[in-house]
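Observations on chain architecture
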Amino acid sequence: GTNPNLPDTDFDGLADGQEVTQLLTDPLNPDTDADGLTDGDEANTYSTNPLLPDTDSDGLTDFDEIDYYFTNPLLPDTDADGLTDYAELLQHFTDPLLPDSDTDGLTDGEEVNTTATNPNDSDTDMDLLSDGEEVNTYNSNPLSPDTDADGLTDGNEVQLFSTNPLLPDTDADGLND
């Protein structure tokens, strides 16, 4: 059904012979996988698979990744933070181009999959210590504003009183901080 007078019947930038013998795409359809990108653009420009609408199987079409989200259609997790581009954009509303959307020192994947903190809020428990500081520096609980339950927030213990947020009685005098 191809036009013998045209080397590229569907005008997608690929020769009919190349489509039939090498790529297995439809020489009569400029977008074999119906993802919004021409077969020629997929094969020659983006290196995506013209037979699959979602080359990296992350739940986003190649077209959407290239034209809307600016993520990499060849990587399911563009920023390598442990969350797929789809999960970042449509479930957690984080930035698929930044591994740490809230810049708290924990990757979005760590916050969602390990610490259960909010990847869009740098201080989930609002104690004036970032989630990353609590996890990586002080070993305090980023989900509790007062890890040792002594009546002082973890942030106040560290920033105002120089006491240990893990010990209710830092100086061991028998009185809570």
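Located above this text is the structure these notes cover.
Definitions and cut-offs
- Residues numbered from 1 in each chain as written.
- Predicted model: local features only at pLDDT ≥ 70, side-chain atom pairs only at ≥ 80, totals over all residues.
- Heavy atoms only, no water.
- Helix = DSSP H or I, 4+ residues; strand = E, 2+ residues; numbered from the N terminus.
- Rg over C-alpha atoms; globule rule 2.2 N^0.38 Å.
- Phe/Tyr/Trp six-rings, centres within 6.5 Å; stacked < 30°, edge-to-face > 60°.
- Patch = residues over 30% accessible without salt bridge, like charges linked within 9 Å, V, L, I, M, F, W, Y side chains within 5 Å.
- Areas by Shrake-Rupley, 256 points an atom, 1.4 Å probe, with all protein chains shown as cover.
- Salt bridge = Lys/Arg side-chain N within 4 Å of Asp/Glu carboxyl O.
- Polar contact = N/O pair within 3.5 Å; in protein donor to acceptor, adjacent residues only side chain to side chain.
- Buried < 20%, exposed > 50% of the residue type's maximum accessible area, 1.4 Å probe, protein only.
- Contact = heavy atoms within 4.5 Å.

Side note on the overall build of the chain
- Looking only at helices and strands, the chain features seven helices and zero strands.
- The linear arrangement of helices and strands in the chain, starting from the amino end, is α-α-α-α-α-α-α.
- Taken against the 2.2 N^0.38 rule, which gives 16 Å for 177 residues, the C-alpha radius of gyration of the chain at 26 Å runs more than 25% over that of a compact globule.
- Viewed in the frame of its principal axes, the chain has a C-alpha envelope of about 95 × 20 × 20 Å.

Examining the packing of aromatic side chains
- Applying the stated criterion across every chain yields a total of one aromatic pair.
- Geometrically, the ring pair formed by Phe63 and Tyr68 is edge-to-face, given 5.6 Å between the ring centres and 80° between the ring planes.

Quick notes on a nonpolar patch on the surface
- The grouping of Leu24, Leu51 and Leu52 at the surface amounts to a nonpolar patch, some 280 Å² of accessible area in total.
- Tracing the backbone shows Leu52 in the loop between helix 2 (39-46) and helix 3 (62-69).

Considerations on the environment of Asp12
- Its place among the elements puts Asp12 in the segment before helix 1 (16-23).
- A distance of 2.9 Å separates a polar atom in the side chain of Asp12 from the backbone nitrogen of Leu14.

With respect to helix 4 (residues 85-92)
- Those residues of helix 4 not exposed but buried are Asp85, Ala87, Glu88 and Leu89.
- Buried positions along helix 4 lie against helix 3 and helix 5 (108-115).
- With its phi angle positive at about 60°, Phe93 sits one or two positions after the end of helix 4.

Things to note about the environment of Gly109
- By the element assignment, Gly109 lies in helix 5.
- On the accessibility criterion, Gly109 (5% relative accessible area) is buried.

Digging into the environment of Tyr86
- Among the structural elements, Tyr86 can be located in helix 4.
- Residues Tyr86 and Asp58, 28 residues apart in the sequence, show an inter-C-alpha distance of 5.9 Å.
- Setting aside residues up to four positions removed in sequence, Tyr86 forms contacts with Asp58, Gly59, Leu60 and Gln91.

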